Amino acid sequence: DPHKNLLVLAVVPGRDGTGATWCEPACERLAALPGVRGATYARRLPLSGSGGGFSVRVEVAGQPPLDVLENNVGGNYFSLLGTRVLAGRAIDAGDREGSPPVAVISQILARRMLPVQNPLGQWISVNGQQRQVVGIAEDAPSNQLHEDPAPYLFLPYAQMPLGDVTLMVETAGEPAALERAARQELKRFDSRSLVYEAGTLNKRMEAALSWDSMMASVASGMGAFGVL
């Protein structure tokens, strides 16, 4: 949702254990700051480049395998980012290491891989691991603002912990004004953590729109050159 006040912090944790044991307490502390409405975490923010995310091999009995982009997300990700879950449920804090492996799939992926049955409750193979489909999310661009939506997969970050994480903080006012307080709180929580990038959702949207504008100018220029 481009209208949300969202502060984005890309972080390398300093402590060992970068799954829910680090991300959830970090988000709880950020959410408790004055002027903050909530916080969540994921491997990446939508429209942040890098090709839209990692690609994984998804297989369903009776269907050809498909390479699908995915994002590893935490609890509250869908509600905080404004991504609608159209059926079933979102990934939540109960989807952690040791709990049943689950996935939320996009509408396009549901139609392509599970076209003749209700996808909810079905099992799919993700890089060789069986995961149960617990929700269907609305289609949305993952890399560029006006790209055609493609099949997409959301997995619990806590079940696939990584070496870095993107923290997302929803604020009541201007998000940039809370960047310093958020950085200080993360240092108090983990003195060895490193925030290597910080910004706002609005800045990301402006960058995406400026890229579209540049590409439109290039296309217009090429068209004029063709006429000449």
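Please refer to the structure placed before this passage.
Some details on the pairing of strand β2 (residues 36–42)
Taking burial as the measure, the seven residues of β2 include six buried ones, the bulk of the element. Judged from the six bridges that link them, β2 and strand β10 (residues 165–171) form a sheet pairing that is antiparallel. In the strand pairing of β10, Thr 40 is matched with Met 168.

Some remarks on unusual backbone geometry
Peptide bonds are trans in most cases, and residues, glycine excluded, mostly fall at negative phi. A positive phi angle is found at Asn 76, which is not glycine, with a value near 75 degrees. Along the chain, Asn 76 turns up in the loop between β4 (66–73) and α2 (77–81). Of note in the backbone geometry, Asn 127 takes a positive phi value of approximately 50 degrees without being a glycine. Within the element layout of this structure, Asn 127 appears in the loop between β7 (123–126) and β8 (129–137).

Points about helix α1 (residues 20–31)
For α1, which comprises twelve residues, the first-to-last C-alpha distance of 16 Å matches the rise-based estimate of 16 Å (1.5 Å per residue) to within 8%. Taken together, the buried positions of α1 are Ala 20, Trp 22, Cys 23, Glu 24, Ala 26, Cys 27 and Leu 30. Looking at the buried side of α1, the elements it contacts are β1 (6–12), β2, β10 and α4 (179–189).

Quick look at the pattern of salt bridges
Side-chain pairing between opposite charges can occur once the charged atoms of the two side chains come close. Enumeration over the complete set of coordinates arrives at nine salt bridges. Of the charged contacts in the structure, one is a salt bridge between Arg 96 and Glu 24, with a shortest N-O distance of 3.4 Å. On the criterion of sequence distance, the pair formed by Arg 96 in the loop between β5 (85–88) and β6 (102–106) and Glu 24 in helix α1 is long-range, its members being 72 residues apart. The class of Arg 96 is partly exposed, set by a relative accessible area of 36%. Of the charged contacts in the structure, one is a salt bridge between Arg 57 and Asp 67, with a shortest N-O distance of 2.6 Å.

Side note on a nonpolar patch on the surface
Together, Val 12, Leu 194 and Tyr 196 make up a nonpolar patch on the protein surface, roughly 260 Å² of accessible area in all. Mapped onto the elements, Val 12 comes out in strand β1.

A look at α4
For α4, every residue scored as buried is listed here: Ala 182, Glu 185, Leu 186 and Phe 189. Projected onto a plane normal to the axis of α4, the buried residues spread over an arc of 100 degrees and lie on a single side. Away from its buried face, by an angle of more than 90 degrees, α4 presents the exposed residues Arg 180 and Arg 188. Contacts from the buried residues of α4 go to β1, α1, β10 and β11 (194–200).

What counts, and at which threshold
- What you see as residue numbers is a count from 1 along each chain, following the sequence as written.
- Local features in this predicted model are restricted to residues whose pLDDT is 70 or higher, and side-chain atom pairs enter the listing and the counts only when it is 80 or higher, whereas totals over whole chains, interfaces and linings include all residues.
- By convention in this description, side-chain values take in all heavy atoms of the structure and omit both hydrogens and water.
- Using a 1.4 Å probe on the protein chains alone, a residue whose accessible area is under 20% of its type maximum counts as buried, one over 50% counts as exposed, and one in between counts as partly exposed.
- A helix here means a DSSP run of H or I that spans at least four residues, while a strand means a run of E at least two residues long, and both kinds are numbered starting from the N terminus.
- A pair of strands counts as paired when DSSP detects no fewer than two bridges linking them.
- To estimate how far a helix should reach, multiply one less than its number of residues by 1.5 Å.
- By definition, residues are in contact when any of their heavy atoms lie within 4.5 Å.
- For this analysis, a salt bridge means a side-chain nitrogen from Lys or Arg found within 4 Å of a carboxyl oxygen belonging to Asp or Glu.
- Grouping into patches uses exposed residues only, defined as over 30% relative accessible area, and leaves out salt-bridged ones; the cut-off is 9 Å for like charges and 5 Å for nonpolar side chains (Val, Leu, Ile, Met, Phe, Trp, Tyr).
- Under the convention used here, a 1.4 Å probe and the Shrake-Rupley method define accessible areas, while residue burial counts only the protein chains that appear.
- To be clear, the arc concerns the directions from the helix axis to the C-beta atoms.

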